[in-house]
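Residue strings, one per chain:
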Amino acid sequence: PLTGVRDPTELAGPDSRFVRVSGVRVHYTQALPKDGLRPGAPALVLLHGFNGCTFSWRHVMQPLADAVGGKVIAFDRPPFGLSERPGTWSDGKNPYSASYAVNLTTDLT
């Protein structure tokens, strides 16, 4: 691990949240409709590509939430953004694998 690195919570914005999923601390943000959640409205999960992060979605989250009437979630996939960057893992769940990404996405919703 690098020394002298600031904790991600110090860099996070006021709408940032952190949750531990399968042993990895994940950073995410969410937007709720200004008029409240509509019954039966979908939850949208925004996925960034390689080298992206939740910051990529900052201009579209609120308009999407208002348009669909549901919660919009964007998260930093490990090791991007403010999510944890594990160098090793002992439980056999590689946090950089496609299956982990699928489980992480469903766990956050």
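Because the structure is a prediction, the values reported are computed rather than measured. (Residues numbered from 1 in each chain as written. Predicted model: local features only at pLDDT ≥ 70, side-chain atom pairs only at ≥ 80, totals over all residues. Heavy atoms only, no water.)

1. Quick word on the overall build of the chain
Then step 1. Counting its secondary structure elements, the chain contains 3 helices and 4 strands.
Then step 2. Along the chain, helices and strands appear, N-terminal first, in the series α-β-β-β-α-β-α.
Then step 3. Taken along its principal axes, the extent of the C-alpha atoms in the chain is 45 × 30 × 20 Å.
Then step 4. Considering the chain as a whole, with its 109 residues, one finds that 31% of them fall into the buried category.
Then step 5. Sequence separation of at least 24 residues holds for 66% of the intrachain contacts in the chain that already meet a minimum separation of 6.
Then step 6. Accessible surface for the chain amounts to roughly 6,800 Å². Of this, 56% is attributable to carbon and sulfur atoms. (Helix = DSSP H or I, 4+ residues; strand = E, 2+ residues; numbered from the N terminus. Buried < 20%, exposed > 50% of the residue type's maximum accessible area, 1.4 Å probe, protein only. Contact = heavy atoms within 4.5 Å. Areas by Shrake-Rupley, 256 points an atom, 1.4 Å probe, with all protein chains shown as cover.)

2. A closer look at the environment of Asn94
Then step 1. As for its placement among the helices and strands, Asn94 is situated in the loop between β4 (72-75) and α3 (98-108).
Then step 2. Spatially, the C-alpha atom of Asn94 lies 9.9 Å from that of Ser22, the residues being 72 residues apart in sequence.
Then step 3. A polar contact of 2.8 Å, which involves the side chain of Asn94, links it to the backbone nitrogen of Tyr96. (Polar contact = N/O pair within 3.5 Å; in protein donor to acceptor, adjacent residues only side chain to side chain.)

3. Overview of the packing of aromatic side chains
Then step 1. Within the structure shown, the criterion is met by 1 aromatic pair.
Then step 2. Positioned over the ring face of Phe18 is Arg25, at 5.2 Å from the centre of the ring.
Then step 3. Sitting above the plane of the Phe55 ring, Arg58 keeps its charged end 3.7 Å from the centroid. (Phe/Tyr/Trp six-rings, centres within 6.5 Å; stacked < 30°, edge-to-face > 60°. Lys NZ or Arg CZ within 6 Å of the ring centre and 35° of its normal.)

4. Observations regarding the side chain of Ser83
Then step 1. Residue position: Ser83 is located in the loop between β4 and α3.
Then step 2. In terms of polar contacts, Ser83 uses its side chain to reach the backbone carbonyl oxygen of Asp76, at 2.5 Å.
Then step 3. In contact with Ser83, other than residues within four places in its own chain, are Arg25, Val26, His27, Asp76, Arg77 and Pro78.

5. Looking at the confidence of the model for the chain
Then step 1. In the predicted model, the chain carries a mean pLDDT of 90, and 99% of its residues have values of at least 70.
Then step 2. Helix α2 (residues 61-68) holds the highest mean pLDDT among the elements of the chain, 97, whereas α3 holds the lowest, 85. (pLDDT = per-residue confidence, 0-100.)

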